Amino acid sequence: MLDVIIIGAGPAGLTAAIYTSRRSLSTLIISADIGGQVIKTYDIENYPGFDNISGLDLISKFREQATKFGAKIENAEVKKIEPKNGTFIVSTASASYDTKSIILAFGKKPRELAVPGEEKLKGHGISYCATCDAPFYKGRDVAVIGGGSSALDAALLLSKYASRVYIIHRTAEFRGEQHLIDRLKSNPNIEIIFNTEVLEIKGDNTVTSVILKDGKEIPVGGVMVEVGYVVDRKLAEGLVNIDQTNQIIVDNRQQTSVPGIFAAGDLTQTPYKQVVISAGEGAKAALSAFDYIQKLEGKKGIIADWH
């Protein structure tokens, strides 16, 4: 019987593991990957303590710290969560685990365009991770679709490899951070196309062009999709309360609608999807899980430091 299983190994999940392990709770992290969306970020300039650090380097530090304190990591996808007499059974394809508490921290996944050609050409010129795949587009013309900070960051990174970068956004203004917008507009290798959408991605074995809403066809050798993220509702639906956008509803202690299940990070309803906020929620969820287990065992919970 484990004390806590953390589902997800991004900033929220790994931070939670640091805090649960330091409280001597037996902790297992189960995640199909390590790092979540953070490892797709080329430069992070707003995480306290670092002027500039890559997402991969930052998450490596998170992981090292979590495992140093005793957390175990299993690279697997959780298939099912079942309540059982006040505890829970968490199942992957190859194993099942009993646990007293759960912290849901599996974040979000990239939103797709849902246009003709996308499904066929995934991995054949269409990507959802600039940090992962930018070098593969060396010497090609590439279209980046989106207008938030992740799209701007992707366009700037791709401009170092691609012959030409088109950033295509459906409105007349970007939603990203101003310093990224300024860098984008001053980059001679990037062409901005406002007020239109991609209606189709063409190609047989690889991407050859995109068709815009006005009928214009732009020849490109790759497409980077950066139009936001969505929460996968498969694990949460029927287990805990979720809102209309599939985000998990939590209180100010990261408690879900089910005692013993907590949630943290981008999958909660907080509107601010930032690494530092995910880490903070992970810490809160971990301390709440510790408090829950203490009381479950008839012990005193956490006493506020200022009392």
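If you're wondering where the values come from, they're calculated on a predicted model, not measured in any experiment.

### Some points on empty space enclosed by the protein
The rolling of a water-molecule-sized probe over the atoms marks out the regions of remaining empty space.
Here's step 1: In this structure the tally under the stated criterion is 1 cavity of 30 Å³ or more.
Here's step 2: As a volume, the largest cavity reaches approximately 50 Å³.
Here's step 3: Lining of the largest cavity is provided by Y42, D43, D153, L156, L157, K160 and R183.
Here's step 4: Taken together, the residues of the lining of the largest cavity break down into 3 nonpolar, no polar and 4 charged.

### Here's the deal with the sheet that holds strand β15 (residues 222–225)
Here's step 1: In space, the 5 strands of this open sheet follow the order β8-β15-β9-β10-β11, with parallel pairing throughout. Each having just a single partner strand, β8 (126–127) and β11 (190–193) make up the two edges of the open sheet.
Here's step 2: Note that strand β9 (residues 141–145) and β15 share 4 bridges and pair parallel. From the neighbouring strand, I145 faces β15, where its bridge partner is V225.

### Quick notes on the pattern of salt bridges
Here's step 1: According to the stated counting rule, one finds 11 salt bridges in the structure shown.
Here's step 2: For D3, the salt bridge goes to K100, with nearest N and O atoms at 3.2 Å. Of this pair, D3 sits in strand β1 (residues 2–7) while K100 sits in strand β6 (residues 96–104); the two residues are 97 residues apart in sequence, bridging distant segments of the chain.
Here's step 3: The buried category is assigned to K100, whose relative accessible area is 18%.
Here's step 4: Put simply, D232 and K234 hold a salt bridge, and the shortest N to O gap is 3.7 Å.
Here's step 5: Using a relative accessible area of 24% as the deciding quantity, one classes D232 as partly exposed.
Here's step 6: Sharing partners across several salt bridges, the network here consists of D3, K100, E297 and K299.

### Quick look at the sheet that holds strand β12 (residues 198–202)
Here's step 1: In spatial order, the strands read β12-β13-β14; together these 3 strands make up an open sheet with antiparallel pairing. Two strands bound the open sheet, and with one partner strand each, they are β12 and β14 (217–219). Direction aside, the axes of adjacent strands within the sheet are offset by 20° on average.
Here's step 2: By the bridge criterion, 4 bridges tie β12 to strand β13 (residues 209–212) in an arrangement that is antiparallel. Bridge pairing in β13 links E200 to I211.

### Points about the nonpolar core
Here's step 1: Formed by 32 residues in total, the largest nonpolar core has its most connected members in I6, L14, I29, Y47, L58, F62 and I103.
Here's step 2: The set of elements that each furnish at least two residues to this core consists of β1, α1 (11–22), α2 (55–68) and α7 (275–296).
Here's step 3: Ignoring sequence-local partners within four residues, the contact set of L14 consists of A9, I29, I59, F62, R63 and A66.
Here's step 4: Counting residues in hydrophobic clusters, the runner-up holds 23 residues, among them I81, V231, L235 and I248.

### Thoughts on helix α6 (residues 178–185)
Here's step 1: Among all positions of α6, only L180, I181 and L184 are buried. Seen along its axis, α6 keeps its buried residues to an arc of 100°; they face one direction.

Here is what the cut-offs are and how they apply
Residues numbered from 1 in each chain as written. Predicted model: local features only at pLDDT ≥ 70, side-chain atom pairs only at ≥ 80, totals over all residues. Heavy atoms only, no water. 1 Å grid on protein atoms, 1.4 Å probe; cavity = no way out; pocket = protein on both sides within 12 Å on 5 of 7 lines; lining within 4 Å. Points joined across faces, edges and corners; volume = space filled by probe spheres on them. Nonpolar A, V, L, I, M, F, W, Y, C, P; charged D, E, K, R; others polar. Pairing = 2+ DSSP bridges. Helix = DSSP H or I, 4+ residues; strand = E, 2+ residues; numbered from the N terminus. Salt bridge = Lys/Arg side-chain N within 4 Å of Asp/Glu carboxyl O. Buried < 20%, exposed > 50% of the residue type's maximum accessible area, 1.4 Å probe, protein only. Axes fitted to C-alpha atoms, helices over the stretch in contact; angles between N-to-C directions. Core = buried A, V, L, I, M, F, W, Y, C linked by side-chain atoms within 4.5 Å. Contact = heavy atoms within 4.5 Å. Arc of directions from axis to C-beta.

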